[in-house]
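Each chain is listed here by its residues.
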Amino acid sequence: VYMRRVNKSGHTTWVCRKHDRNAIDCPNGRVPETELYGAFVRMYNKLKRNTGVVLLPAIKQMEELRDVIQRGNPAMLAVNKAIAKASEQSYNISKLQTAGLLDTDACTAKFNEISAQLAKLRAERRRLLENDIDDAIDALQETVDLVRHGPERLMEFDEGLFLSLVERIVVESQTCVRFRLQGGIELKELLKEIGR
């Protein structure tokens, strides 16, 4: 975990807690905040130019994964079969009523029973459909929208855009950071080599 430090001359850096206590314990020295800002600007500009190559295929793959998981889910199959059966019953009752073979009160009672059953089954299907993949897809779609509607070229650090796009930064080494975007996509960016 990195902490923000401002020295007496006003220079701001981010430093690992281990490094802050004992520099020998952590090979990743202090990272100047301006380098992180620059890395974010470079990462955003690359992402803006390559959204169709990076983010859109990721969303498509996640949707395909979600569909495969849902198709193979026995609980989902059972709910879908029960919904189909209840819908067929409703249709058959409607045909019988139209043919004059069932009275109105009996049909209404049966329709109400089937409607209540269908409501429960559809609620169960919605519950089964909710999962982490859908959340990640939604977050990635928001990221795509932010990048599409964001500046054509970022010239300087934009804190609001950064907070909207980035979930976390991981310092991999003295020269490399990884930006984890909302939705889970991680992109590496090089830092300038400066004696720290």
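Data block above holds the structure.
The present account deals with the structure reproduced in this document. If you're wondering where the values come from, they're calculated on a predicted model, not measured in any experiment.

**So, a negative patch on the surface**
Next up, step 1: A grouping of Glu130, Asp132, Asp135, Asp138, Glu142 and Asp145 is seen on the molecular surface, where their side chains present a negatively charged patch.
Next up, step 2: When you line up the elements, Asp145 lands in helix α6 (residues 132–149).
Next up, step 3: Since its relative accessible area comes to 32%, Asp145 is described here as partly exposed.

**Quick notes on the sheet that holds strand β4 (residues 166–173)**
Next up, step 1: The antiparallel open sheet is built from three strands, whose spatial order is β4-β5-β6. Whereas interior strands pair on both sides, the edge strands pair on one side only; in this sheet they are β4 and β6 (186–190). Pairs of neighbouring strands in the sheet enclose a mean axial angle of 25°, with direction left out of account.
Next up, step 2: Pairing analysis gives six bridges linking β4 to strand β5 (residues 176–181), with the strands arranged antiparallel. In the sheet register, Arg168 faces β5, and the bridge partner there is Arg180.

**Some details on the packing of helix α2 (residues 33–49) against α6**
Next up, step 1: It is the contact of α2 with α6, at a shortest axis distance of 10 Å, that shows an interaxial angle of 95°. Judged on the interaxial angle alone, α6 and α2 are roughly perpendicular. Facing α2, whose interface residues are Tyr44, Leu47 and Lys48, α6 presents Val147, Arg148 and His149.
Next up, step 2: In the contact of α2 with α6, the residues fall into three nonpolar, one polar and two charged.

**Re the side chain of Thr143**
Next up, step 1: Position of Thr143 among the secondary structure elements: in helix α6.
Next up, step 2: Sequence-distant contacts of Thr143, that is, excluding residues within four places in its chain, are made with Leu55, Leu165, Leu181 and Gln182.

**A closer look at helix α5 (residues 104–129)**
For an α-helix the count is 3.6 residues per turn, leaving residues at separations of three or four pointing the same way.
Next up, step 1: Given a rise of 1.5 Å per residue, 26 residues ought to cover 38 Å, and the 36 Å separating the end C-alpha atoms of α5 matches this to within 8%.
Next up, step 2: Along α5, the residues classified as buried are Cys107, Ile114, Leu118, Leu121 and Leu128.
Next up, step 3: Among the structural elements, α4 (74–98) are those in contact with the buried residues of α5.

**As for the sheet that holds strand β3 (residues 31–32)**
Next up, step 1: Strand order in the open sheet formed by three strands is β1-β2-β3, with antiparallel pairing between adjacent strands. At either margin of the open sheet sits one strand with a lone partner, and together these are β1 (2–6) and β3.
Next up, step 2: In this sheet, β3 lies alongside strand β2 (residues 12–16) in antiparallel orientation, the contact comprising two bridges. By the bridge assignment, Thr13 is partnered in β3 with Pro32.

About the thresholds
Residues numbered from 1 in each chain as written. Predicted model: local features only at pLDDT ≥ 70, side-chain atom pairs only at ≥ 80, totals over all residues. Heavy atoms only, no water. Patch = residues over 30% accessible without salt bridge, like charges linked within 9 Å, V, L, I, M, F, W, Y side chains within 5 Å. Areas by Shrake-Rupley, 256 points an atom, 1.4 Å probe, with all protein chains shown as cover. Salt bridge = Lys/Arg side-chain N within 4 Å of Asp/Glu carboxyl O. Lys, Arg positive; Asp, Glu negative; His and termini not counted. Charge placed at Lys NZ, Arg CZ, Asp CG, Glu CD. Helix = DSSP H or I, 4+ residues; strand = E, 2+ residues; numbered from the N terminus. Buried < 20%, exposed > 50% of the residue type's maximum accessible area, 1.4 Å probe, protein only. Pairing = 2+ DSSP bridges. Axes fitted to C-alpha atoms, helices over the stretch in contact; angles between N-to-C directions. Parallel < 35°, antiparallel > 145°, perpendicular 65-115°, else oblique. Contact = heavy atoms within 4.5 Å. Nonpolar A, V, L, I, M, F, W, Y, C, P; charged D, E, K, R; others polar. Expected span 1.5 Å × (residues − 1).

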